[in-house]
Amino acid sequence: GRPYLASLRPALVPLLPVAGPRDHQCPPRAAAGTAERAGAALRIFDAGHIDLLVGTRAPFTVFPELDAFLDDADAKGRRAAGP
């Protein structure tokens, strides 16, 4: 009964929101508001809701982006932690 977006703040951890135009559960226009409030950039892939993770094209479209995102987040974390 409580609107969760009202209390959403910028994320304190790396966040990679993803959406696809064929996602009828959370289409890009809905995901965009959440991403913006969390302070993260929304990535849009030509996919549906489940296809983003288990679709036949996910290993070639989504996974490389996810891998790069995680590498970048890890590098930033290491720099922030210092020597």
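Look up a bit, the structure's there.
What you see is a predicted model, and the numbers here were worked out from it, not measured in a lab.

What about the pattern of salt bridges?
Reasoning step 1: For the structure shown, the criterion picks out 5 salt bridges.
Reasoning step 2: Among the salt bridges present, the one from Asp 46 reaches Arg 22, with a minimum N-O distance of 3.7 Å. Of this pair, Asp 46 sits in the loop between strand 2 (43-44) and helix 2 (51-54) while Arg 22 sits in the loop between strand 1 (18-19) and helix 1 (28-38), and the two are 24 residues apart along the sequence.
Reasoning step 3: Residues Glu 65 and Arg 43 are paired through a salt bridge, measuring 3.4 Å at the closest nitrogen-oxygen approach.

Some thoughts on the environment of Gly 77
Reasoning step 1: For Gly 77, the position within the fold is in helix 3 (residues 58-81).
Reasoning step 2: Look at Gly 77 and you get partly exposed, because its relative accessible area is 39%.
Reasoning step 3: In the structure, Gly 77 is positioned 45 residues away from Ala 32 in sequence and 25 Å away in space, judged by C-alpha atoms.

What counts and what doesn't
- Residues numbered from 1 in each chain as written.
- Predicted model: local features only at pLDDT ≥ 70, side-chain atom pairs only at ≥ 80, totals over all residues.
- Heavy atoms only, no water.
- Salt bridge = Lys/Arg side-chain N within 4 Å of Asp/Glu carboxyl O.
- Helix = DSSP H or I, 4+ residues; strand = E, 2+ residues; numbered from the N terminus.
- Buried < 20%, exposed > 50% of the residue type's maximum accessible area, 1.4 Å probe, protein only.

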